[in-house]
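# Residue-level structural notes
Letter by letter, the chains look like this.
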Amino acid sequence: MTETIPKLREQIEERRFMEQMEAGIMKKNGQNHHSKRDTTTNNKAAGVAVIKTIAKQTRRTSKNPPKHEKNTTNEDDVPLLEDQIAQLEEQARQYMEDAAMLHNYPDALVSLGNHALVNEDVHTAMEYYQKADSGEGWFNMGHLLWAGYANIVDANEVEAMRAMKKAMSHGDVDAMYFVGVHLIQDVNDEKEEEWWEVFDLHDGSSSEKVIQAIGTAVSHTERKKQGLHLITLAGTMGHGEALHFLALLHRNGEKELGIQPYTEEITTGDDERNRFMIYLEEAVLAESSDALNVRAHCQLQGEDGYEKNAKLALQDFLAAAELDHADACVSAGAMLHQGYGGVVERDQERAFELYQKAGELGSIEGWRNVVACYATGQGVPENKQVAEYIAKTMLFNKESEEDVG
């Protein structure tokens, strides 16, 4: 029985892929209620599912040629295994509901809200987030209100930032980073209703001086400085993306904030060069995939204070790929596809897997490379029909959108 379980799981997975494909077709015909960003993702989900199955079967056939042996898979066991999984999921959900509804456990309430959102029960999700009254709950609420949700919830920047304010009052570091970035990048003095003014509402919800300072900042520059303060605070609390953002600020410079861009000529002690590298190294330690990708490019080119080292660059690209960074997947795949500089050995099969992962993460370049691999038989057995199918499924609509843009 134990020998059959991996095969049974593959059968169940592939069956679910087919169900997703059918669901994707239904959604494409007008039954999808996601936001614009989610709609694009879901319209591609069916194709991704089929292509993952094709690629998996292709690699399995290539590595394990057919043998004349008895098939130990018992198809009668598949429904049994599915029932067991369903029972365990239901039991786990019941425990989660007990923790949420009987004990008002914030993390459980947020989890139920996330589950409701996946099922497009948006208003129930918002009720759970509000009931949780936690940093994560209010952050999720704010993010939902900021972006809006299809025709169910309209985007509302002011209400979103009221939720973010509550998240910050709970010490939520993601909310600090979110508000800080928007204070620096998205401030528009011509808006009729300025969202940053909500932070000056003395409603007793928080005693944090930094929250009050945002609302009292009068000028565009002052608000940007408050944004930088929030991002720096998030960075001191170990927020990887905040540290990455600070690194880029000190790499590129920001005139209004008095930050000079990085130059190779800077050699003194406490300077912009060191700040860029220090923030970037701290971001890498905090497992920021963006920071790993930036450092990899610096090492690959030998720039911005880093010595040229292709092996270290590949290590960083692969580490970022493990953290689901699509561009890093493509870069690592490119280095492995033909080898690099005599120090990185060619591994086309691994390159193909990285290209496919990049595609599944939303990279159009990843899908282009997958098509090329199938068409030429590099890293995967040549199959021009599969290449054509992937090109039509994953590239045609996307490239049409790019042409329009």
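My aim in this report is to walk through the structure given alongside it, one point at a time. (Residues numbered from 1 in each chain as written. Predicted model: local features only at pLDDT ≥ 70, side-chain atom pairs only at ≥ 80, totals over all residues. Heavy atoms only, no water.)

What follows concerns the overall build of the protein chain. Secondary structure assignment for the protein chain yields 18 helices and 0 strands. Counting over 405 residues, the protein chain shows a buried share of 43%. Long-range pairs, those at least 24 residues apart, make up 57% of the contacts in the protein chain between residues at least 6 apart in sequence. Total accessible area on the protein chain is roughly 22,500 Å²; 48% of this is exposed by carbon and sulfur atoms. (Helix = DSSP H or I, 4+ residues; strand = E, 2+ residues; numbered from the N terminus. Buried < 20%, exposed > 50% of the residue type's maximum accessible area, 1.4 Å probe, protein only. Contact = heavy atoms within 4.5 Å. Areas by Shrake-Rupley, 256 points an atom, 1.4 Å probe, with all protein chains shown as cover.)

Another point: helix α16 (residues 348-360). Its 13 residues give α16 an end-to-end C-alpha distance of 18 Å, which sits within 8% of 18 Å, the value for a rise of 1.5 Å per residue. Phi turns positive, to about 110°, at Gly362, one or two residues after α16. (Expected span 1.5 Å × (residues − 1).)

Applying the stated criterion to the full structure yields 11 salt bridges. A salt bridge links Asp304 to Arg251; the shortest N-O distance between them is 2.5 Å. On the criterion of sequence distance, the pair formed by Asp304 in the loop between α13 (289-301) and α14 (310-322) and Arg251 in helix α11 (residues 240-252) is long-range, its members being 53 residues apart. The partner of Glu388 in a salt bridge is Lys392, and the shortest N-O contact between them spans 3.2 Å. In this pair, Glu388 and Lys392 are both assigned in helix α18 (residues 384-404), 4 residues apart and thus about one turn of the helix distant. (Salt bridge = Lys/Arg side-chain N within 4 Å of Asp/Glu carboxyl O.)

This paragraph deals with unusual backbone geometry. Positive phi outside glycine occurs at Glu120, with the angle close to 65°. Along the polypeptide, Glu120 turns up in the loop between α4 (106-118) and α5 (122-132). Residue classification places Glu120 among the partly exposed positions, given a relative accessible area of 23%. The phi torsion at Ala150 lies on the positive side, around 45°, for a residue other than glycine. Position of Ala150 relative to the elements: it lies in the loop between α6 (135-147) and α7 (157-169).

In this section: the packing of α14 against helix α15 (residues 326-338). For the pair α14 and α15, interaxial distance at closest approach is 8 Å and the crossing angle is 140°. One finds that α14 runs oblique with respect to α15. The crossing of α14 and α15 is left-handed. Packed against α14, whose contacting residues are Ala310, Leu314, Phe317, Leu318, Ala320 and Ala321, the element α15 presents Ala328, Cys329, Ser331, Ala332, Met335 and Leu336 at the interface. (Axes fitted to C-alpha atoms, helices over the stretch in contact; angles between N-to-C directions. Parallel < 35°, antiparallel > 145°, perpendicular 65-115°, else oblique. Left-handed = near helix turned anticlockwise from the far one by under 90°.)

What follows deals with the environment of Asp304. The buried category is assigned to Asp304, whose relative accessible area is 13%. A C-alpha to C-alpha distance of 7.5 Å links Asp304 and Thr263, two positions 41 residues apart in sequence. At a separation of 2.5 Å, a polar atom in the side chain of Asp304 contacts the side chain of Arg251. (Polar contact = N/O pair within 3.5 Å; in protein donor to acceptor, adjacent residues only side chain to side chain.)

Treat this as a map of the structure, not an account of what it does.
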